[in-house]
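A closer look at the structure
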Amino acid sequence: MTTVITIDGPSGAGKGTICKLVAQQTGFALLDSGAIYRLTALACLNQQVDVDDEAAVKTVAEALNIKFEVSEDKVLAILDGADASKKIREEQVGMTASKIAAYPAVRAALLQRQRDFSQPPGLVADGRDMGTVVFPQAEVKIFLTASAQERAKRRVKQLEEAGQKADYALILKDIEARDHADSTRASAPLKPAEDAVVLDSTALSIQQVLDHVMNLVEKAKQS
Ligand code: C5P
(Lines give C-alpha, C1' and ligand atoms only; values in the text may rest on other atoms or scores of the structure.)
Protein backbone atom coordinates (compact mmCIF):
# COMPACT_ATOMS: atom_id res chain seq x y z
CA MET A 1 0.00 0.00 0.00
CA THR A 2 1.37 3.38 -0.99
CA THR A 3 -0.09 6.59 0.42
CA VAL A 4 0.37 9.66 -1.76
CA ILE A 5 0.20 13.19 -0.34
CA THR A 6 0.19 15.94 -2.96
CA ILE A 7 1.06 19.53 -2.11
CA ASP A 8 0.52 21.94 -4.99
CA GLY A 9 0.58 25.71 -5.12
CA PRO A 10 2.36 28.79 -6.45
CA SER A 11 6.08 29.41 -5.98
CA GLY A 12 7.08 30.68 -2.57
CA ALA A 13 4.03 29.37 -0.70
CA GLY A 14 6.27 27.18 1.49
CA LYS A 15 5.65 23.87 -0.29
CA GLY A 16 9.32 22.86 -0.27
CA THR A 17 9.73 23.37 3.47
CA ILE A 18 6.43 21.71 4.34
CA CYS A 19 6.97 18.73 2.00
CA LYS A 20 10.39 18.08 3.53
CA LEU A 21 8.97 18.14 7.07
CA VAL A 22 5.99 15.93 6.15
CA ALA A 23 8.36 13.44 4.47
CA GLN A 24 10.51 13.38 7.63
CA GLN A 25 7.52 12.85 9.92
CA THR A 26 5.90 10.14 7.78
CA GLY A 27 9.06 8.44 6.52
CA PHE A 28 7.71 8.81 2.97
CA ALA A 29 9.78 9.52 -0.16
CA LEU A 30 9.84 13.06 -1.52
CA LEU A 31 9.27 14.25 -5.08
CA ASP A 32 10.32 17.82 -5.93
CA SER A 33 8.73 17.98 -9.37
CA GLY A 34 9.82 21.60 -9.85
CA ALA A 35 13.43 20.41 -9.65
CA ILE A 36 12.74 18.06 -12.58
CA TYR A 37 11.45 20.97 -14.70
CA ARG A 38 14.41 23.07 -13.59
CA LEU A 39 16.87 20.28 -14.48
CA THR A 40 15.24 19.99 -17.91
CA ALA A 41 15.61 23.75 -18.36
CA LEU A 42 19.27 23.61 -17.30
CA ALA A 43 19.97 20.72 -19.68
CA CYS A 44 18.49 22.83 -22.53
CA LEU A 45 20.63 25.82 -21.56
CA ASN A 46 23.76 23.64 -21.26
CA GLN A 47 23.13 22.06 -24.66
CA GLN A 48 22.18 25.43 -26.19
CA VAL A 49 18.86 24.02 -27.30
CA ASP A 50 16.37 26.58 -28.62
CA VAL A 51 13.77 26.77 -25.83
CA ASP A 52 11.19 28.16 -28.27
CA ASP A 53 11.31 24.80 -30.08
CA GLU A 54 8.90 22.45 -28.23
CA ALA A 55 10.03 19.32 -30.12
CA ALA A 56 13.70 20.01 -29.34
CA VAL A 57 12.94 20.53 -25.63
CA LYS A 58 10.87 17.32 -25.61
CA THR A 59 13.90 15.41 -26.95
CA VAL A 60 16.01 16.81 -24.11
CA ALA A 61 13.30 15.84 -21.56
CA GLU A 62 13.13 12.28 -22.86
CA ALA A 63 16.89 11.80 -22.67
CA LEU A 64 17.31 13.59 -19.35
CA ASN A 65 20.05 11.97 -17.25
CA ILE A 66 19.18 12.97 -13.69
CA LYS A 67 19.13 11.55 -10.22
CA PHE A 68 18.48 12.75 -6.70
CA GLU A 69 20.94 11.86 -3.97
CA VAL A 70 20.46 12.29 -0.25
CA SER A 71 23.52 13.89 1.34
CA GLU A 72 23.27 14.59 5.08
CA ASP A 73 19.97 16.49 5.39
CA LYS A 74 19.99 17.75 1.79
CA VAL A 75 18.77 16.26 -1.46
CA LEU A 76 21.22 16.87 -4.28
CA ALA A 77 19.94 17.22 -7.85
CA ILE A 78 22.44 15.58 -10.21
CA LEU A 79 22.48 16.32 -13.94
CA ASP A 80 24.80 14.28 -16.18
CA GLY A 81 26.80 13.19 -13.12
CA ALA A 82 27.39 16.71 -11.75
CA ASP A 83 25.71 18.36 -8.76
CA ALA A 84 23.35 21.01 -10.19
CA SER A 85 21.48 21.77 -6.94
CA LYS A 86 22.64 25.40 -6.73
CA LYS A 87 22.55 26.16 -10.43
CA ILE A 88 18.91 25.09 -10.85
CA ARG A 89 17.83 27.68 -8.24
CA GLU A 90 19.13 30.56 -10.37
CA GLU A 91 16.51 33.02 -11.68
CA GLN A 92 17.25 32.34 -15.35
CA VAL A 93 16.80 28.60 -14.86
CA GLY A 94 13.50 29.21 -13.01
CA MET A 95 12.13 31.40 -15.78
CA THR A 96 13.22 28.88 -18.43
CA ALA A 97 11.63 26.05 -16.40
CA SER A 98 8.36 27.97 -16.33
CA LYS A 99 8.53 28.48 -20.09
CA ILE A 100 9.23 24.87 -21.05
CA ALA A 101 6.72 23.59 -18.46
CA ALA A 102 3.99 25.11 -20.64
CA TYR A 103 4.74 22.61 -23.45
CA PRO A 104 2.36 19.60 -23.37
CA ALA A 105 4.97 17.36 -25.05
CA VAL A 106 7.49 18.17 -22.33
CA ARG A 107 4.96 17.51 -19.56
CA ALA A 108 4.06 14.18 -21.18
CA ALA A 109 7.74 13.23 -21.47
CA LEU A 110 8.25 13.86 -17.74
CA LEU A 111 5.03 12.23 -16.47
CA GLN A 112 6.18 8.64 -15.90
CA ARG A 113 9.48 9.79 -14.41
CA GLN A 114 7.44 11.58 -11.71
CA ARG A 115 5.05 8.67 -11.12
CA ASP A 116 8.04 6.36 -10.59
CA PHE A 117 8.78 8.18 -7.32
CA SER A 118 5.69 6.60 -5.76
CA GLN A 119 6.82 3.68 -3.60
CA PRO A 120 5.67 2.03 -0.36
CA PRO A 121 5.01 3.21 2.28
CA GLY A 122 4.30 6.55 0.61
CA LEU A 123 5.22 9.70 -1.24
CA VAL A 124 4.99 13.43 -0.62
CA ALA A 125 4.77 15.15 -4.01
CA ASP A 126 5.53 18.86 -4.38
CA GLY A 127 4.45 20.75 -7.50
CA ARG A 128 1.74 22.45 -9.51
CA ASP A 129 -0.23 19.53 -10.95
CA MET A 130 0.51 16.70 -8.51
CA GLY A 131 -3.13 16.35 -7.39
CA THR A 132 -4.72 17.18 -10.73
CA VAL A 133 -2.61 15.26 -13.29
CA VAL A 134 0.31 13.23 -11.92
CA PHE A 135 -1.37 11.57 -8.90
CA PRO A 136 -5.13 12.07 -9.34
CA GLN A 137 -5.78 9.13 -6.95
CA ALA A 138 -3.75 10.64 -4.09
CA GLU A 139 -5.19 10.04 -0.63
CA VAL A 140 -4.39 13.56 0.62
CA LYS A 141 -4.40 16.63 -1.63
CA ILE A 142 -3.41 20.06 -0.43
CA PHE A 143 -3.25 23.35 -2.30
CA LEU A 144 -0.90 25.60 -0.35
CA THR A 145 -1.03 29.25 -1.17
CA ALA A 146 -0.14 32.69 0.27
CA SER A 147 -0.50 36.25 -0.98
CA ALA A 148 2.08 37.32 -3.59
CA GLN A 149 3.30 40.05 -1.20
CA GLU A 150 3.89 37.56 1.61
CA ARG A 151 5.69 35.17 -0.73
CA ALA A 152 7.92 38.00 -1.98
CA LYS A 153 8.70 38.95 1.64
CA ARG A 154 9.68 35.36 2.46
CA ARG A 155 11.93 35.16 -0.61
CA VAL A 156 13.69 38.42 0.34
CA LYS A 157 14.32 37.05 3.84
CA GLN A 158 15.64 33.76 2.42
CA LEU A 159 18.05 35.56 0.05
CA GLU A 160 19.24 37.95 2.75
CA GLU A 161 19.86 35.07 5.14
CA ALA A 162 21.99 33.46 2.41
CA GLY A 163 24.01 36.70 2.21
CA GLN A 164 22.56 37.72 -1.17
CA LYS A 165 21.07 41.04 -2.24
CA ALA A 166 17.30 41.12 -2.67
CA ASP A 167 15.04 43.68 -4.32
CA TYR A 168 11.47 43.31 -3.00
CA ALA A 169 9.80 45.07 -5.94
CA LEU A 170 11.66 42.99 -8.53
CA ILE A 171 10.97 39.75 -6.67
CA LEU A 172 7.26 40.57 -6.37
CA LYS A 173 7.10 41.31 -10.11
CA ASP A 174 8.83 38.00 -10.86
CA ILE A 175 6.44 36.06 -8.59
CA GLU A 176 3.41 37.68 -10.24
CA ALA A 177 4.78 36.92 -13.72
CA ARG A 178 5.43 33.26 -12.77
CA ASP A 179 1.95 32.92 -11.18
CA HIS A 180 0.36 34.30 -14.31
CA ALA A 181 2.35 31.99 -16.62
CA ASP A 182 1.68 28.91 -14.46
CA SER A 183 -2.04 29.50 -13.99
CA THR A 184 -3.02 30.62 -17.48
CA ARG A 185 -1.20 27.95 -19.51
CA ALA A 186 -3.42 25.49 -21.37
CA SER A 187 -1.55 22.36 -20.28
CA ALA A 188 -1.92 21.38 -16.59
CA PRO A 189 -2.47 24.94 -15.30
CA LEU A 190 -1.86 25.71 -11.65
CA LYS A 191 -5.20 25.20 -9.89
CA PRO A 192 -6.46 23.24 -6.90
CA ALA A 193 -7.79 19.74 -7.59
CA GLU A 194 -11.53 19.56 -6.97
CA ASP A 195 -10.91 17.36 -3.93
CA ALA A 196 -7.97 19.38 -2.57
CA VAL A 197 -7.96 21.20 0.75
CA VAL A 198 -6.93 24.82 0.12
CA LEU A 199 -4.60 26.16 2.79
CA ASP A 200 -3.68 29.86 2.85
CA SER A 201 -0.40 30.21 4.73
CA THR A 202 -0.22 34.04 4.58
CA ALA A 203 -0.82 34.43 8.30
CA LEU A 204 0.35 30.98 9.44
CA SER A 205 3.67 29.80 10.83
CA ILE A 206 5.49 26.77 9.35
CA GLN A 207 4.48 24.78 12.45
CA GLN A 208 0.80 25.73 12.04
CA VAL A 209 0.81 24.64 8.38
CA LEU A 210 2.62 21.42 9.28
CA ASP A 211 0.08 20.62 12.04
CA HIS A 212 -2.76 21.17 9.63
CA VAL A 213 -1.22 18.90 6.98
CA MET A 214 -0.38 16.17 9.50
CA ASN A 215 -3.98 16.28 10.78
CA LEU A 216 -5.22 15.64 7.26
CA VAL A 217 -2.73 12.78 6.86
CA GLU A 218 -3.90 11.21 10.15
CA LYS A 219 -7.54 11.54 9.12
CA ALA A 220 -6.83 9.89 5.76
CA LYS A 221 -5.09 6.97 7.53
CA GLN A 222 -8.22 6.34 9.62
CA SER A 223 -10.67 6.35 6.72
O1 C5P B 1 8.50 24.75 -7.91
P2 C5P B 1 9.57 25.41 -8.73
O3 C5P B 1 9.56 26.90 -8.64
O4 C5P B 1 10.91 24.81 -8.49
O5 C5P B 1 9.19 25.03 -10.25
C6 C5P B 1 9.83 25.66 -11.34
C7 C5P B 1 8.83 25.83 -12.47
O8 C5P B 1 8.46 24.54 -12.98
C9 C5P B 1 7.51 26.49 -12.06
O10 C5P B 1 7.50 27.89 -12.25
C11 C5P B 1 6.48 25.84 -12.96
O12 C5P B 1 6.33 26.57 -14.13
C13 C5P B 1 7.09 24.51 -13.32
N14 C5P B 1 6.45 23.37 -12.67
C15 C5P B 1 5.35 22.81 -13.28
N16 C5P B 1 4.77 21.70 -12.75
C17 C5P B 1 5.22 21.16 -11.62
C18 C5P B 1 6.33 21.74 -10.96
C19 C5P B 1 6.92 22.85 -11.50
O20 C5P B 1 4.90 23.30 -14.29
N21 C5P B 1 4.63 20.07 -11.14
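For the structure itself, look to the data block above.
This section reports on the structure supplied with the text. Every value quoted in this text rests on a predicted model; they were computed, and no experiment measured them.

Now for the sheet that holds strand β8 (residues 197-200). Strand order in the open sheet formed by five strands is β2-β6-β1-β7-β8, with parallel pairing between adjacent strands. Strand pairing shows two members of the sheet lacking a second neighbour, β2 (29-32) and β8, which therefore form its edges. Averaged over neighbouring strand pairs, the angle between their axes works out to 20° when direction is ignored. Of the strands in this sheet, β1 (3-8), β7 (140-145) and β8 are in contact with helix α9 (residues 206-222), which crosses β7 at around 165°.

All right, on to the site of the ligand then. Neighbouring the ligand are 16 residues, the closest being Arg-38, Arg-107, Asp-129, Asp-182 and Arg-185. Ser-98 has a polar side-chain atom sitting 3.3 Å from an oxygen atom of the ligand. Within the side chain of Asp-182, a nitrogen or oxygen atom sits 2.6 Å from an oxygen atom of the ligand. For the ligand, whose unbound accessible area comes to 450 Å², protein coverage reaches 96%. Those elements that provide at least two residues to the shell around the ligand are α2 (33-46), α4 (91-100) and α8 (168-184). Tallying contributions element by element places α2 first for the shell around the ligand, with four residues. Tallied by class, the residues present in the shell around the ligand amount to four nonpolar, four polar and eight charged.

Conventions adopted
Residues numbered from 1 in each chain as written. Predicted model: local features only at pLDDT ≥ 70, side-chain atom pairs only at ≥ 80, totals over all residues. Heavy atoms only, no water. Pairing = 2+ DSSP bridges. Helix = DSSP H or I, 4+ residues; strand = E, 2+ residues; numbered from the N terminus. Axes fitted to C-alpha atoms, helices over the stretch in contact; angles between N-to-C directions. Contact = heavy atoms within 4.5 Å. Near = heavy atom within 4 Å. Polar contact = N/O pair within 3.5 Å; in protein donor to acceptor, adjacent residues only side chain to side chain. Areas by Shrake-Rupley, 256 points an atom, 1.4 Å probe, with all protein chains shown as cover. Nonpolar A, V, L, I, M, F, W, Y, C, P; charged D, E, K, R; others polar.

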